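These are the residues of each chain, in order.
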Amino acid sequence: YLIQKGLILEKLGQIDEALAIYKKASEQDPYRADVWTNQANIFRQKKEYPAAEDYYKRALAQDFDDIASRHNLAELLCRMGRVAEALEQYRAVLIRNPDYIPSLYNLAIILENRGEYAEALGLYFKVLLGDNTPKDIEWRIADSLSKLASIDNILSTNLFSNNKYQDIFNMDYNDLFI
């Protein structure tokens, strides 16, 4: 009952009231991961990132396989500039659910930003094959391909003349990643 009441208050924009309800729910049943996750989401919304991190970790302590909480923690860690930790969390999500599009997509963006274009491309293609494809996926694939081609041009090689990236274009995208 309290969780539903908190969700309603949250949807009405009364986040402080919702937070108080979730806190009461967590005191009544501290073993429910969702009460910790709901509180973490509010702390994240309020930009109270250390508290949000703590509450996501509390949720994961109750349900280690909670994909949504782990994904949200990864996003939060990125916002806090802790990309290496975020990568670990995204990979942990994908071990549990290799087709979880939000984590595949965010991991691909991180890898692309780190210059790991081939790996990012593989993930982008897997995202493209999934449901709920982000609107900018085609642009991201084209951009990564362009960057790969530019890297090869800088190195005075043709993209297809060596086998460095050939596997990207020949792979079975149903078997990508993890």
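Coordinates for the structure precede this section.
All figures in this text were calculated on a predicted structure; none of them were measured in a lab. (Residues numbered from 1 in each chain as written. Predicted model: local features only at pLDDT ≥ 70, side-chain atom pairs only at ≥ 80, totals over all residues. Heavy atoms only, no water.)

**Some words on the packing of helix H3 (residues 33-45) against helix H4 (residues 49-62)**
It is at 8 Å that the axes of H3 and H4 come closest, and there the two elements cross at 165°. Compared by their axis directions, H3 and H4 come out roughly antiparallel. Between H3 and H4 lies a crossing of left-handed hand. Across the interface between the two elements, Ala33, Trp36, Thr37, Gln39, Ala40, Asn41, Phe43 and Arg44 from H3 touch Tyr49, Ala51, Ala52, Tyr55, Tyr56, Arg58, Ala59 and Gln62 from H4. Grouping the amino acids of the contact of H3 with H4 by side-chain chemistry returns 10 nonpolar, four polar and two charged. (Axes fitted to C-alpha atoms, helices over the stretch in contact; angles between N-to-C directions. Helix = DSSP H or I, 4+ residues; strand = E, 2+ residues; numbered from the N terminus. Parallel < 35°, antiparallel > 145°, perpendicular 65-115°, else oblique. Left-handed = near helix turned anticlockwise from the far one by under 90°. Contact = heavy atoms within 4.5 Å. Nonpolar A, V, L, I, M, F, W, Y, C, P; charged D, E, K, R; others polar.)

**With respect to helix H5 (residues 67-79)**
For H5, which comprises 13 residues, the first-to-last C-alpha distance of 18 Å matches the rise-based estimate of 18 Å (1.5 Å per residue) to within 8%. Inspection of H5 places Ile67, Ser69, Arg70, His71, Asn72, Leu73, Ala74, Leu76 and Leu77 among the buried residues, and these make up the whole buried set. Here the buried face of H5 lies against H3, H4, helix H6 (83-96) and helix H7 (101-113). The opening residue of H5, the one whose side-chain oxygen lies 3.3 Å from the backbone nitrogen of Ala68, is Asp66. (Expected span 1.5 Å × (residues − 1). Buried < 20%, exposed > 50% of the residue type's maximum accessible area, 1.4 Å probe, protein only. Polar contact = N/O pair within 3.5 Å; in protein donor to acceptor, adjacent residues only side chain to side chain.)

**Observations concerning the nonpolar core**
Of all hydrophobic cores here, the largest spans 47 residues; its most connected members are Leu107 and Tyr124. The greatest single-element share of this core, amounting to eight residues, is contributed by H7. (Core = buried A, V, L, I, M, F, W, Y, C linked by side-chain atoms within 4.5 Å.)

**Quick look at the pattern of salt bridges**
As enumerated under the stated definition, the model contains 11 salt bridges in all. Between Lys46 and Asp16 there is a salt bridge, with the nearest N and O atoms lying 2.8 Å from each other. Taken together, the positions of Lys46 in the loop between H3 and H4 and Asp16 in helix H2 (residues 15-28) put the pair 30 residues apart, joining distant regions of the chain. What makes Lys46 partly exposed here is its relative accessible area of 29%. Across the salt bridge formed by Arg114 and Glu116, the nearest N and O atoms sit 3.2 Å from each other. When salt bridges with common partners are traced through the structure, they connect Glu53, Lys57, Arg82 and Glu85 into a single cluster. (Salt bridge = Lys/Arg side-chain N within 4 Å of Asp/Glu carboxyl O.)

**Some details on the environment of Thr37**
Following the sequence through the fold, Thr37 ends up in helix H3. Among the residues examined, Thr37 registers a relative accessible area of 9% and is labelled buried. Taking the C-alpha atoms as reference points, Thr37 and Asp54, 17 residues apart in sequence, are found 10.0 Å from one another. When neighbours within four sequence positions are excluded, Thr37 is seen to be in contact with Tyr56, Ala59, Asp66 and Ser69.

**Things to note about helix H8 (residues 117-129)**
Helix length check: H8, at 13 residues, gives a terminal C-alpha distance of 18 Å against a target of 18 Å (1.5 Å per residue), a fit within 8%. All of the buried residues along H8 are Tyr117, Ala120, Leu121, Gly122, Leu123, Tyr124, Phe125, Lys126 and Val127.

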